[in-house]
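Structural features, examined
The primary structure of each chain is shown beneath.
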Amino acid sequence: MCPKDNSDTASGAGAERAYAEMVARHAPDGVIISGPDRLALWVNPAFTAQTGYGIDDLRGKPFVDVLRGAETDRKCLQNVDIACTQRREIQTELQLYARDGRVFWVELKITPVFDALGVHTHFIAHMRDITERKKLEHQNDEMRQAEELRQSERQLLALTSEWLYSAKSFDELLMVVQRAMHTLIPEADGALYIYGTSRSTLDLATSWGTIPEFPPHILPDDCWALRRGRAYAYGLKPIQFTCDHVTKPGTPYFCLPIIAHGETIGLLHIIFDGFEEDGLMRHMREDVLRNRWDVSLICAEQISLAIANVRLRQELHDKSMRDALTGLWNRRWFMDRALRDFSLAEREGREIGLIMLDVDHFKAFNDRFGHDAGDLVLREVGDILAGAATGQSHPCRLGGEEFVMLCPDMPAAEAAALADRIRTALQALRLSNAGVDLPEVTVSAGVATFPAQGRSLEDVLKAADQALYLAKDKGRNCTVIA
């Protein structure tokens, strides 16, 4: 065999060094070589371009200590220290700081280098700039979080709508509004105002928030939303004026009219008392307010529909439970309520009084003066019964000229005294119809009590009815206790 040409070997070694220098000079990633003590020995031009630091700035220093800053992840730095101490390779992502203060992200890979004898001689660190990738990841995270927030809001709005439309009464509706608004817009206090009967003022129906302080009444002219007939947002427009009912000028707030069946019936007021004018909140404020404005508009519409629904349901309920002529409770309501009260009285050992009343000679009265006069008498009887009713007694019209007063916790003597007051008040009435004076109105009354006259509603009603007929037999216009 011919001996190998030494010139070829030298030429190959020189080319390899040239290639290595070319890679080190033109590689896009920063490269740092340090000793086993992690003190920098050499950096490539890409590192200097990335950071602004040359080898003269780093020589004899751990390069990570030079590049670290306030936002650098301390846990990652600790993991790097542990890996280097254990002489094992590590790859991680770090937020570092250039010489001019610029913040950038790198994918850092540190590899320990060993000689032929296995002695640890160097560390080689590669830094790949991933700032743009991190920006995209951050944008994607923000978009995902925003979508998750919108999805959560949609679910909460759907749940709120379900609860609002399930409310059977106005009190239940207010409870749902209070809980839902505090959940949907937790950073704001709020109040719901409803027009009073005279429509001259709006009355505070409910409020929510951390320390809500709202006036109990406001005037329609005090609110720009009511004056202009549309929702008003203070804090989002270049030209804006504070409503007179707002006690903290300068604080962002929303005023949204509540409209049912085409009529403005109230006002939803939401105020962001915790929004500061400076700091991080200043940058977030407009986006947050615009998001909450959209949510508030949906809430106002749902509350409007729910109030209209509750009112319609209440009207239908009243029609089914109220006597159309007198406005008193009807037979259906009386039977339901009496059965419930009798069951409660049975369990708790309480007493219930029943007063049966019948207008004397009503058929003859009707025949002589006409049905209009008869209706007038029945309405007057209803007014007297309603006026005489206390918190523990309930007047009802059973039908025709028959009335009953349900009186929980009222003994027979007290019920008889109430019946006499009603009878006396009716007898004192002076009525006229179509210019014709009507004769005096008298009633006969029978009183019975639970459990003295029976353990069931049927037995007590029968006893009161028998007492009523006994009062008729005695000449009418009197009260008889069973």
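Shown above is the structure to which this text applies.
Residues numbered from 1 in each chain as written. Predicted model: local features only at pLDDT ≥ 70, side-chain atom pairs only at ≥ 80, totals over all residues. Heavy atoms only, no water.

**Considering the nonpolar core**
With 34 residues, the main nonpolar core has Met181, Phe254, Leu268 and Ile270 as its most contacted residues. Elements represented by at least two residues in this core include exactly α6 (131-166), α7 (170-184), β6 (189-195), β10 (253-260), β11 (263-271) and α9 (280-321). It is α9 that contributes the most residues to this core, 10 residues altogether. Ignoring sequence-local partners within four residues, the contact set of Phe254 consists of Tyr232, Ala233, Leu236, Leu268, His269, Ile270, Phe272, Leu289, Arg292, Trp293 and Ser296. (Core = buried A, V, L, I, M, F, W, Y, C linked by side-chain atoms within 4.5 Å. Buried < 20%, exposed > 50% of the residue type's maximum accessible area, 1.4 Å probe, protein only. Helix = DSSP H or I, 4+ residues; strand = E, 2+ residues; numbered from the N terminus. Contact = heavy atoms within 4.5 Å.)

**Re the sheet that holds β10**
Taken together, the six strands give an open sheet; going across it, the order is β8-β7-β6-β11-β10-β9, and neighbouring strands pair in antiparallel fashion. The sheet is open, and its two borders are formed by β8 (217-218) and β9 (232-234), each paired with just one other strand. The pairing of β6 with β11 spans six bridges and is antiparallel. Directly across from Tyr193, in β11, lies its bridge partner Leu267. Those strands touched by α7 are β6, β7 (202-208) and β11, and its axis lies near 50° from that of β7. (Pairing = 2+ DSSP bridges. Axes fitted to C-alpha atoms, helices over the stretch in contact; angles between N-to-C directions.)

**Here we look at the environment of Gly374**
Its location among the elements puts Gly374 in helix α12 (residues 371-388). By relative accessible area, Gly374 is classed as buried at 0%. Residues Gly374 and Lys363 lie 11 residues apart in sequence; the distance between their C-alpha atoms is 8.7 Å. Those residues in contact with Gly374 that sit more than four places away from it in its chain are Phe362, Phe365 and Asn366.

**Quick word on the sheet that holds strand β2 (residues 40-43)**
Taking strand neighbours across the sheet as the criterion, the five strands line up as β2-β1-β5-β4-β3 in an open arrangement whose pairing is antiparallel. Each edge of the sheet is formed by a strand with only one pairing partner; in this case those strands are β2 and β3 (90-97). Ignoring strand direction, the axes of neighbouring strands in this sheet form an average angle of 30°. One ladder, built from five bridges, connects strand β1 (residues 30-34) with strand β5 (residues 120-129); its direction is antiparallel. Each residue of the ladder has a partner; that of Ile32, found in β5, is Ala125. Of the strands in this sheet, β3, β4 (103-114) and β5 are in contact with helix α5 (residues 74-85), which crosses β3 at around 135°.

**Thoughts on the environment of Ser34**
On the secondary structure map, Ser34 appears in strand β1. The spatial distance from the C-alpha of Ser34 to the C-alpha of Cys223 is 71 Å, given a sequence separation of 189 residues.

**Details of the pairing of strand β12 (residues 352-359)**
For β12, the tally of buried residues reaches eight of eight residues, placing the bulk of the element in the interior. Taken together, the eight bridges between β12 and strand β17 (residues 443-450) define a ladder with antiparallel strand orientation. Looking at the pairing, Leu354 lines up with Ala448 of β17.

**Brief notes about α7**
Over its 15 residues, α7 extends 21 Å from the first C-alpha to the last, a length consistent with the 21 Å expected when each residue adds 1.5 Å. Among all positions in α7, only Leu173, Leu174, Val176, Val177, Ala180, Met181 and Leu184 are buried. Mapping the buried residues of α7 onto a view down its axis gives an arc of 160°, with all of them on the same face. Along α7, the residues that are exposed and aim more than 90 degrees away from the buried face are Asp171, Met175 and Arg179. (Expected span 1.5 Å × (residues − 1). Arc of directions from axis to C-beta.)

**Considerations on the side chain of Thr72**
Its place among the elements puts Thr72 in the loop between α4 (63-67) and α5. A distance of 2.8 Å separates the side chain of Thr72 from the backbone nitrogen of Gly69, its partner in a polar contact. Setting aside chain neighbours within four positions, we find Thr72 in contact with Leu77, Leu94, Gln95, Leu96 and Tyr97. (Polar contact = N/O pair within 3.5 Å; in protein donor to acceptor, adjacent residues only side chain to side chain.)

**Observations regarding α5**
If you check α5, its first and last C-alpha atoms are 17 Å apart, about what 12 residues at 1.5 Å a residue would give, namely 16 Å. Listed as buried for α5 are Cys76, Leu77, Val80, Ala83 and Cys84. The buried residues of α5 all sit within an arc of 125° when viewed along its axis, so they share a single face. In α5, the exposed residues that point more than 90 degrees away from the buried face are Lys75 and Thr85. In this structure, the buried side of α5 is in contact with α4, β3, β4 and β5. N-cap assignment for α5: the residue whose side-chain oxygen lies 2.8 Å from the backbone N of Lys75 is Asp73. Two residues or fewer past α5, Arg87 is found with a positive phi of approximately 55°.

**Considerations on the packing of helix α10 (residues 331-348) against helix α14 (residues 457-473)**
With their axes 10 Å apart at the nearest point, α10 and α14 run at an angle of 115° to one another. Classed by the angle they form, the pair α10 and α14 counts as roughly perpendicular. In this structure, α10 contributes Phe334, Met335, Ala338, Leu339 and Phe342 to the contact, and α14 contributes Leu457, Val460 and Leu461. A per-class count over the contact of α10 with α14 returns eight nonpolar, no polar and no charged. (Parallel < 35°, antiparallel > 145°, perpendicular 65-115°, else oblique. Nonpolar A, V, L, I, M, F, W, Y, C, P; charged D, E, K, R; others polar.)

**Some thoughts on the side chain of Thr442**
Residue placement: Thr442 occurs in the loop between β16 (436-437) and β17. A distance of 2.7 Å separates polar atoms of two side chains, one belonging to Thr442 and the other to Asp360. Residues contacting Thr442, with those up to four places away along its chain left out, are Asp358, Val359, Asp360, Gln427 and Asn477.

**Overview of the packing of α6 against α7**
Where α6 meets α7, the axes come as close as 9 Å, and the angle between the chain directions of the two elements is 170°. In terms of orientation, α6 lies roughly antiparallel with respect to α7. Across the interface between the two elements, Glu153, Leu156, Leu157, Thr160, Trp163, Leu164 and Ser166 of α6 pack against Glu172, Leu173, Val176, Val177, Ala180, Thr183 and Leu184 of α7. The residue makeup of the contact of α6 with α7, split by class, is nine nonpolar, three polar and two charged.

**Digging into the pattern of salt bridges**
Any two side chains of opposite charge can pair if their charged atoms end up close together. Applying the stated criterion across every chain, the model contains 23 salt bridges. Residue Glu132 pairs with Lys135 through a salt bridge whose shortest N-O separation is 3.7 Å. Of this pair, Glu132 and Lys135 both sit in helix α6, three residues apart, which is roughly one turn of that helix. Overall, the relative accessible area of 55% leaves Glu132 in the exposed class. According to the relative accessible area criterion, Lys135 is partly exposed, its value standing at 45%. Between Arg350 and Glu348 there is a salt bridge, with the nearest N and O atoms lying 2.8 Å from each other. The exposure class of Arg350 is partly exposed, given its relative accessible area of 29%. Linked through salt bridges whose partners overlap, the residues forming this network are Glu93, Arg133, Lys134 and Glu137. (Salt bridge = Lys/Arg side-chain N within 4 Å of Asp/Glu carboxyl O.)

The values are spatial; any link to function lies outside them.
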